[in-house]
Amino acid sequence: MNNPLYQKNIISIADLSRSDLELILETAHSLKQNPQPTLLNNKVIASCFFEASTRTRLSFETAVQRLGGSVIGFDSGGNTSLAQKGETLADSVKVISSYADAFFMRHPQEGAARLASEFTSVPVINGGDGSNQHPTQTLLDLFTIYETQARLDNLNIAFVGDLKYGRTVHSLAQALSLFNCNFYFISPEALAMPDYIIEELTERDISFSLHTSIEEVVDELDVLYMTRVQKERFDETEYQHMKSAFLLNAGMLKNVKDNLKVLHPLPRIDEINQDVDNTPYAYYFQQAQNGVFARQALLALLLTNHFQAKP
Amino acid sequence: MQKKLQVEAIEQGSVIDHIPAHQGVKILKFFKFTQTNEKITIGLNLATKSGESKDLIKIENTFFNDKQANQLALFAPNATINQIKDFKVVNKFKVQLPSSFIDVLSCPNSNCISHNEPVQSRFYVKQKKTLKLKCHYCEKSFNRATFDELD
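Heads up: these notes are all about the structure in this document. Note that the structure is a prediction, hence the values are computed from the model and not measured.

Things to note about a nonpolar patch on the surface
So, point 1. On the surface, I72(A), V95(A) and Y99(A) cluster together into a nonpolar patch covering about 280 Å² of accessible area.
So, point 2. Here V95(A) lies in helix α4 (residues 89-97).

In structure tokens form, the structure reads like this:
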């Protein structure tokens, strides 16, 4: 059976249907259980970081190598002829993609991956374009939720922290809205979920509520998705006064559901106390590791037409 | 007398009617009619039966193609265009908001990749009632008022 993602681009989570997402998650699960170290033999993948991102780059390049592929590329745009000679991104990707079987990129400008996909004949995977999209982060988040909850439908999911500027929570909420989840948005008023996300959820008739502390809802949750409230967005007094409502410690998890998992896109600073690490609810480091499997799944589906995920 | 001024005939050209008040001059600017040598008659804040004011433009020897008619919808979503030949209306149609605008507007997001690359800008109509357009590249949505070209 042909897979619908073969030779496709992965630019924005909104481009993926529910069945596409399910196929990716099943494939990630299969690759985690049954490694395929020769699947991408003789494939060359370009890893182009026009903006540095150590964690995403290492995760992606690990995924390529775990499948037996080779990586070419660069880890910072400053060393490229694009930066030094003023070459357009369109010209750069035309040339690079002629060397490779797929193209993974991060770029500081919004829309860069979409544009790149219009100038290449090989699949492009967006590893983050400015403040816009980071679909592989969303896929690894979805995979982690699927792995820990055995489903994506009808879950109680709280998002905590900076919901205004965090593209991670925007994309994840959009993707989960395909699965009829119940959302709790917990943030300072100044960092509340933006109107366009609220409008989209309302249009889709998704249930959500707004809160100002974790403890209001923590006992009802299946997933607690933490993000960092950035200190620089507040003055010192305001920050100290406000931040305690958005910090998690082990004492707050006494009466939670057994299946609760705490997730975080990392890096964390102090929003999750280290005493949470030793509880059965902490899952953020496994979540980071899952990035490798989610990215393997994309590579397998984009580059091999007949790869069958084993249940 | 007032009626005569509004409908004074032109031999050949276009009459754009039902333009919301205060949009007429913006339309002249957007289509660069301020630089043409063709005869233009413009009516501003004209009375209508419904009591609302409207603007009206008559321009000789000029016809709107489909793309321009669509662009007109950015200013006047309910406008009608009358094509005049030999002093007679030979065609009359309402402008329609298209589903997308290609190579018409520049993205208000200064960090959007579309600005310095060899591509045409592209916006999708996300909301018609209070017009909202979404950039094909940066995926951000903007209210009509955000676009400098439309001022």
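Let's talk about the sheet that holds strand β6 (residues 182-186) of chain A
Residue and element names in this part refer to chain A.
So, point 1. Taken together, five strands build an open sheet; the order of strands is β7-β6-β5-β8-β9 and the sheet is parallel. Across the chains shown, the open sheet's two edge strands, defined by having one partner strand only, are β7 (208-211) and β9 (261-263). Here the average twist between neighbouring strands, direction ignored, is 20 degrees.
So, point 2. With four bridges joining them, strand β5 (residues 156-160) and strand β8 (residues 223-226) adopt parallel strand pairing.

Some points on the interface of chain A and chain B
So, point 1. At the interface, 19 residues of chain A touch 15 residues of chain B.
So, point 2. Carbon and sulfur atoms supply 43% of the area that chain A and chain B bury against each other, a total of about 1,400 Å² over both sides.
So, point 3. It is Q109(A), E110(A) and L115(A) in chain A that bury the most area against chain B; as a group they hold 35% of the surface buried on that side.
So, point 4. Here K132(B) and E199(A) are joined by a salt bridge, their closest N and O atoms 3.4 Å apart.
So, point 5. Counting across the interface, chain A meets chain B through 14 residue pairs in polar contact (both at pLDDT 80 or more).
So, point 6. Every element with two or more residues in the side of chain A that touches chain B is listed here: α4, α5 (112-117) and α8 (195-203) of chain A.
So, point 7. Counting residues per element, the side of chain A that touches chain B draws most heavily on α5(A), at three residues.
So, point 8. Tallied by class, the residues present in the side of chain A that touches chain B amount to six nonpolar, eight polar and five charged.

A word on the pattern of salt bridges
So, point 1. Under the defined criterion, the tally for this structure stands at eleven salt bridges over all chains.
So, point 2. Here R57(A) and D75(A) are joined by a salt bridge, their closest N and O atoms 3.9 Å apart. With R57(A) in helix α2 (residues 54-66) and D75(A) in the loop between β2 (70-74) and α3 (81-85), this residue pair connects regions lying 18 residues apart in the sequence.
So, point 3. Across the pair R114(A) and E139(B) runs a salt bridge whose closest N-O atoms are separated by 3.4 Å. Of this pair, R114(A) sits in helix α5 while E139(B) sits in the loop between β8 (132-135) and β9 (141-143), on two different chains.

Rules used throughout
- Residues numbered from 1 in each chain as written.
- Chains lettered and ligands numbered in written order.
- Predicted model: local features only at pLDDT ≥ 70, side-chain atom pairs only at ≥ 80, totals over all residues.
- Heavy atoms only, no water.
- Patch = residues over 30% accessible without salt bridge, like charges linked within 9 Å, V, L, I, M, F, W, Y side chains within 5 Å.
- Areas by Shrake-Rupley, 256 points an atom, 1.4 Å probe, with all protein chains shown as cover.
- Salt bridge = Lys/Arg side-chain N within 4 Å of Asp/Glu carboxyl O.
- Helix = DSSP H or I, 4+ residues; strand = E, 2+ residues; numbered from the N terminus.
- Pairing = 2+ DSSP bridges.
- Axes fitted to C-alpha atoms, helices over the stretch in contact; angles between N-to-C directions.
- Contact = heavy atoms within 4.5 Å.
- Buried area = accessible area lost by both parts, 1.4 Å probe.
- Polar contact = N/O pair within 3.5 Å; in protein donor to acceptor, adjacent residues only side chain to side chain.
- Nonpolar A, V, L, I, M, F, W, Y, C, P; charged D, E, K, R; others polar.

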